[in-house]
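Close look at the chain arrangement
Here is what each chain is made of, one letter per residue.
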Amino acid sequence: MTKTKLVMLVCFIAALAAGVAAGMAFSRFSDPPRPRRDPLGLSLEQREQMRQIWSSVESTSRTPHRERMDGLHKEREDAVRALLTDEQKAQYEAILKTHDQKMDDLAAERKKAIDDAVNRTKEILNEEQRAKYDEMLNKRAGWNRHGRPNIGAPEPDGPKPPHSGDRPPMGDRDP
């Protein structure tokens, strides 16, 4: 084989390999997106109804909910800063109690919105879908890190975990 033929063969093989590599890379980026996993097997109509049901919960979650919680935390912290003497510990405890009640009310409002959405979701599902949905909800059952039941999940059995949001007396707190 002559030197010219060898060089041409090597160039041909290199060009072929480059084409194959480029084709493989392009096919990865041009594959259609995979559909979302749908464990309930919802129809298009049910998916739209589900989106409408849960979009109403969106208004009580994320940013608006977080902003309201942050406002309640700031309200409490401002009051605490104004009460720094030992004689005012009783007032401090009253502020904490009021704050805890407001936080509980806010959590109850959110839980109600989610419970309503769960019930409305179940209304649009057939028996098989409802059974799968109930199974999904049961997997979410349990206590969250604040000692409250997970939102949207059935009330868990058993005792609350430690550190469930119950406050120790003022004298037992860390500074």
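How each quantity is defined
- Note that residues are indexed from 1 along each chain, following the sequence as it is written.
- Local features in this predicted model are restricted to residues of pLDDT 70 or higher, and side-chain atom pairs are both shown and tallied only at a pLDDT of 80 or more, whereas totals for entire chains, interfaces and linings draw on every residue.
- Side-chain figures throughout are based on the complete set of non-hydrogen atoms in the structure, without hydrogens or water.
- The term nonpolar core refers to a set of buried residues drawn from Ala, Val, Leu, Ile, Met, Phe, Trp, Tyr and Cys, joined through side-chain atoms within 4.5 Å.
- The buried label applies to any residue whose accessible area, calculated with a 1.4 Å probe on protein chains only, is under 20% of its type's maximum; exposed applies above 50%, and partly exposed to all values in between.
- A run of H or I in DSSP becomes a helix once it reaches four residues, and a run of E becomes a strand once it reaches two; helices and strands are each numbered from the N terminus.
- Here a residue-residue contact requires only that any non-hydrogen atoms of the pair lie within 4.5 Å.
- The convention used is that axes are lines fitted to C-alpha atoms, helices contributing only their stretch in contact, and that angles between N-to-C directions extend from 0 to 180 degrees.
- Here roughly perpendicular refers to angles of 65 to 115 degrees, roughly parallel to angles under 35, roughly antiparallel to angles over 145, and oblique to all remaining angles.
- Note on convention: the crossing is left-handed when the near helix lies turned anticlockwise from the far helix by less than a right angle, right-handed when the turn is clockwise.
- N or O atoms within 3.5 Å of each other form a polar contact, as long as, within protein, one can give a hydrogen and the other can take it, and as long as residues adjacent in sequence are counted only when both atoms are side-chain atoms.
- Think of a salt bridge as a Lys or Arg side-chain nitrogen and an Asp or Glu carboxyl oxygen that are within 4 Å of each other.
- To estimate how far a helix should reach, multiply one less than its number of residues by 1.5 Å.
- The arc under discussion is defined with respect to the helix axis, by the directions toward the C-beta atoms.
- The pLDDT score gives, residue by residue, the confidence of the prediction method on a 0 to 100 scale.

1. Describing the nonpolar core
The biggest cluster of nonpolar side chains holds 12 residues, and these are Leu 40, Leu 42, Met 50, Ile 53, Val 57, Ile 114, Ala 117, Val 118, Ile 124, Leu 125, Tyr 133 and Leu 137. Sorting the residues of this core by element identifies α2 (44–58), α4 (89–124) and α5 (127–139) as the ones contributing at least two each. With 4 residues, the top contributor of residues to this core is α4. With residues up to four places along the chain from it excluded, the contact list for Tyr 133 reads Leu 40, Trp 54, Val 118, Thr 121, Lys 122 and Leu 125.

2. Structural notes on the packing of α4 against α5
Running from N to C, α4 and α5 cross one another at 155 degrees; their axes reach a closest spacing of 9 Å. The orientation of α4 with respect to α5, classified from their angle, is roughly antiparallel. Where α4 crosses over α5, the two elements pack in a sense that is right-handed. Here Val 118, Thr 121, Lys 122, Glu 123 and Ile 124 of α4 come into contact with α5, specifically with Gln 129, Arg 130, Tyr 133, Asp 134 and Leu 137.

3. A look at the environment of Arg 68
If you trace the backbone, Arg 68 turns up in helix α3 (residues 62–81). Taking the C-alpha atoms as reference, Arg 68 lies 8.6 Å from Leu 106; in sequence the two are 38 residues apart. In contact with Arg 68, not counting residues within four places along its chain, are Leu 106 and Glu 109. Reaching out from Arg 68, the side chain makes a polar contact with the side chain of Glu 109 at a distance of 3.0 Å.

4. Some remarks on the pattern of salt bridges
Under the counting rule described, the total for this entry stands at 10 salt bridges. Glu 48 is the partner of Arg 51 in a salt bridge, and the nearest nitrogen-oxygen pair spans 2.6 Å. On the criterion of helical spacing, the pair formed by Arg 51 and Glu 48 is a turn pair, its members being 3 residues apart in helix α2. Arg 51 gets classed as partly exposed once you look at its relative accessible area, which sits at 48%. Of the residues examined, Glu 48 reaches a relative accessible area of 33% and is grouped as partly exposed. For the salt bridge of Asp 115 with Lys 111, the shortest nitrogen-to-oxygen distance reads 2.8 Å. You can see Asp 115 and its partner Lys 111 sitting in helix α4, 4 residues apart, about one turn around the helix. For Asp 115, a relative accessible area of 26% puts it in the partly exposed group.

5. What about α5?
In this model, α5 (13 residues) spans 19 Å end to end at C-alpha, consistent with the 18 Å of a helix rising 1.5 Å per residue. Regarding α5, the residues found buried are Gln 129, Tyr 133 and Leu 137. All buried residues of α5 project into a common sector of 75 degrees when viewed along the axis, lining one side. Among the exposed residues of α5, those oriented more than 90 degrees off its buried face are Glu 127, Glu 128 and Lys 139. You can read the cap of α5 off the contacts: a side-chain oxygen lies 3.1 Å from the backbone nitrogen of Glu 128, and it is on Asn 126.

6. Observations concerning the confidence of the model for the chain
The predicted coordinates of low-pLDDT regions are not to be read in fine detail. Across the chain, the average pLDDT comes to 75, with 70% of residues at or above 70. The secondary-structure element of the chain with the lowest mean pLDDT is helix α1 (residues 3–30), recorded at 72, while α4 shows the highest, at 90. The low-confidence segment residues 159–175 (pLDDT under 50) makes 23 contacts with residues lying over four places distant or belonging to another chain.

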